[in-house]
Amino acid sequence: MPNQRTVGQPDILAQRRGARELTELAQRTALVTGIGVLAILATAVFGHADTAVSIFAAAILGFAGLLVYLNAKPEIEAEAARVEAAAPAKIGASWDLTLRQVLGALPDAAFAIDRDGRLEGANARARKHFSLPPVGQRLATSLRDPRLLEAALEVAAGGEPQSVPFAAVGPLEEYFRAQIGGFDVDGKRFALIVVHDETNAKKVERMRVDFLANASHELRTPLAAVVGSIETLTGHARNDPAAQERFLKVMQIQADRMRRLIDDLLSLSKIELNEHVPPQGEVDMDAVVRETVDTLAPISARKNVRIDVIRAEGDSMVLGNRDELVQVAQNLIDNAVKYAREGGQVNVEIGGGLLRENIGLAARRWPDAAHMSIAAPPVEPDKTLCYVRVTDDGPGMPRESLPRLSQRFYRVEEAKNSDRVGTGLGLAIVKHIINRHRGGFFVESRLGSGSSFTVCVQNADKNQH
């Protein structure tokens, strides 16, 4: 590790202190001897003592001092050589070990830089969550948040501890707070950055605000219909059985709508809360799709819509959360059945392969159709993914509607004016689930010919974990 420091080195420091004390003792002895010899010679020169005696005494004293120095010199040199030979390896290993131990013991992501902004060390959590440079290189080459970099350099230069909020740049919303404090090692200043993940807290707060806003807005219409029906039933329709039956049916429909809306809002909020944490389970998408088709069979039968499952080449085992992937399949297939023509057909194709070869082709059924990528998988061309493509033969959608499909409560104008029941949250739920699975979500549509929705998720290949 570059720029090794003497920190936590009691053995090395003791050896150096001993060598220094021995050297200082020899130096003091030589100094006192020299002063004594000069004093004796001065006394003889100025006639205050017998010259021969003075010269003899000076010689004796000088010889004694020389013996002391010569006796101590080998030990001084040996001790100094031993310290210098041992110090670099021991100091380096100990500094590296101490820094790794301290960073590794912290529950949050943590890393340290010197006053020049060069990375001194980082724990596994920091490496996992942030793009950090190799040790010895400047932090600014990889971590680009200006507030965080500026605060870290200020602290490393001797400034006061700071607390800096920042957000990660990427497709997923992640929020952090960096606590930055300084420390000194062998006269040199460093900054320790400990990063606490505040994503959950931020999302919980936003979820509460969004839920209240969305629920109050979207529940207003069905609630008004229920209140109006109650007023009618308790008013002039009090003794009218036909009117009672009609308005009770309206109340049932609107109550069901409110229940679905609340269920979807709660489901969406839960998914958004965990969106930044990728799932680690293994799920068979072929089994998920066939189970969903069986579940929706009564609905498709009522509309006389046939659902065909097409098994293409490719592995169907994926990394994911089974309940969430069931939600994805249910939303896509249920939507396809709703929008398919009466007596029409829905095709559900399952396949897979390399991202760079197969998934792009799977996402494009009609080359001349309007196409939109709602969520894109990470650019890892050697990874294999499983895709599920759901195609209906319904009226299709205009090109300008595609960018808004995954927005909350958005419904294509044609759908708003039809009797199709929906909350407008289904595709938003699909998008957030696919984002959590680090997958892809694509849609294409042709007016008058139908629509096709494709999702893809990384395969659960053991060699890719």
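Look up: the structure comes first, before these words.
These notes cover the structure that comes with them. (Residues numbered from 1 in each chain as written. Predicted model: local features only at pLDDT ≥ 70, side-chain atom pairs only at ≥ 80, totals over all residues. Heavy atoms only, no water.)

**Topic: the sheet that holds strand 4 (residues 175-185)**
The pairing of strands in a sheet happens through backbone hydrogen bonds and is either parallel or antiparallel.
Stage number 1. Spatially, the five strands line up as an open sheet ordered 2-1-5-4-3, and their pairing is antiparallel. Sheet topology places strand 2 (119-122) and strand 3 (162-167) at the edges, where each strand pairs with a single neighbour. Geometrically, the sheet is characterised by an average inter-axis angle of 25° between neighbouring strands, direction not taken into account.
Stage number 2. Docked against the sheet, helix 4 (residues 146-156) engages strand 1 (109-114), strand 3, strand 4 and strand 5 (188-197), running at close to 160° with respect to strand 3. (Pairing = 2+ DSSP bridges. Helix = DSSP H or I, 4+ residues; strand = E, 2+ residues; numbered from the N terminus. Axes fitted to C-alpha atoms, helices over the stretch in contact; angles between N-to-C directions. Contact = heavy atoms within 4.5 Å.)

**A word on the nonpolar core**
Stage number 1. By size, the foremost hydrophobic cluster in this structure holds 57 residues, and its most contacted members are Leu332, Val346, Leu405 and Phe441.
Stage number 2. Excluding anything up to four places from it in sequence, Leu405 contacts Met397, Tyr410, Val412, Leu427, Val443 and Phe453. (Core = buried A, V, L, I, M, F, W, Y, C linked by side-chain atoms within 4.5 Å. Buried < 20%, exposed > 50% of the residue type's maximum accessible area, 1.4 Å probe, protein only.)

**Re unusual backbone geometry**
Stage number 1. Not every positive phi belongs to a glycine, and Asn304 is a case in point at roughly 60°.
Stage number 2. Inspection of the secondary structure puts Asn304 in the loop between helix 9 (297-302) and strand 7 (306-311).
Stage number 3. Judged by relative accessible area, which is 53%, Asn304 ranks as exposed.
Stage number 4. The phi dihedral of Arg438 is positive, around 55°, even though this residue is not glycine.
Stage number 5. Mapped onto the elements, Arg438 comes out in the loop between helix 13 (426-436) and strand 12 (440-446).
Stage number 6. A relative accessible area of 27% means that Arg438 is categorised as partly exposed.

**Section: the packing of helix 10 (residues 322-339) against helix 13**
Stage number 1. One way to put it is that helix 10 packs onto helix 13 with a least axis distance of 9 Å and a crossing angle of 145°. Crossing of helix 10 over helix 13 shows left-handed handedness. Note on element contacts: helix 13 touches helix 10 through Gly426, Leu427, Ile429, Val430, Ile433, Ile434 and Arg436, opposite Glu324, Gln327, Val328, Asn331, Leu332 and Asn335.
Stage number 2. In terms of residue class, the contact of helix 10 with helix 13 is made up of seven nonpolar, four polar and two charged. (Left-handed = near helix turned anticlockwise from the far one by under 90°. Nonpolar A, V, L, I, M, F, W, Y, C, P; charged D, E, K, R; others polar.)

**Some points on the pairing of strand 13 (residues 450-458)**
Stage number 1. The buried fraction of strand 13 amounts to nine of the nine residues, a majority that puts the element mostly inside the structure.
Stage number 2. A two-sided burial pattern is seen for strand 13, the buried positions comprising Gly450, Ser452, Thr454, Cys456 and Gln458 on one face and Ser451, Phe453, Val455 and Val457 on the other.
Stage number 3. As judged from the seven bridges shared by strand 11 (residues 384-391) and strand 13, these two strands associate in the antiparallel manner. Bridge pairing links Val390 to Phe453 in strand 13.
Stage number 4. Sheet topology places strand 12 next to strand 13; seven bridges connect them, and they run antiparallel. Note that in strand 13 the partner of Gly440 across the bridge is Cys456.
Stage number 5. Between strand 12 and strand 13, which pair antiparallel and follow one another directly, the connecting turn spans three residues, one of which, Gly448, has a positive phi of 85°.

**Digging into the side chain of Ser229**
Stage number 1. Turning to its location among the elements, Ser229 is positioned in helix 6 (residues 220-233).
Stage number 2. Contact partners of Ser229, with chain neighbours within four places excluded, come to Phe247, Val250 and Met251.

**Comments concerning the packing of helix 6 against helix 7 (residues 241-273)**
Stage number 1. Interhelical geometry of helix 6 versus helix 7 gives an angle of 155° and a closest axis separation of 9 Å. Taken together, helix 6 and helix 7 sit at an angle that is classed as roughly antiparallel. Two packed elements cross with a definite hand, and for helix 6 against helix 7 that hand is left-handed. Here Thr221, Pro222, Leu223, Ala225, Val226, Ser229, Ile230, Thr232 and Leu233 of helix 6 lie close against helix 7, whose contacting residues are Ala243, Gln244, Phe247, Leu248, Val250, Met251, Gln254, Arg257 and Met258. (Parallel < 35°, antiparallel > 145°, perpendicular 65-115°, else oblique.)

**Describing the packing of aromatic side chains**
Stage number 1. All chains considered together, the criterion is met by five aromatic pairs.
Stage number 2. Aromatic pair Phe166 and Phe176: ring centres 5.5 Å apart, planes at 25°, arrangement stacked. Highlighted residues: Phe166 in strand 3 and Phe176 in strand 4, separated in sequence by ten residues.
Stage number 3. Look at Phe166 and you get buried, because its relative accessible area is 6%.
Stage number 4. Taken together, Phe130, Phe166 and Phe176 form an aromatic cluster joined through their ring pairs. (Phe/Tyr/Trp six-rings, centres within 6.5 Å; stacked < 30°, edge-to-face > 60°.)

**With respect to the pattern of salt bridges**
Oppositely charged side chains may form a pair once their charged atoms are brought near each other.
Stage number 1. Going through the model one piece at a time under the given rule, you end up with ten salt bridges.
Stage number 2. A salt bridge links Arg177 to Glu198, with the nearest nitrogen and oxygen atoms 3.4 Å apart. Within this pair, whereas Arg177 is found in strand 4, its partner Glu198 is found in the loop between strand 5 and helix 5 (199-218), the two being separated by 21 residues in sequence.
Stage number 3. A residue is classified by how much of its surface remains accessible, and Arg177, at 26% relative accessible area, is partly exposed. (Salt bridge = Lys/Arg side-chain N within 4 Å of Asp/Glu carboxyl O.)

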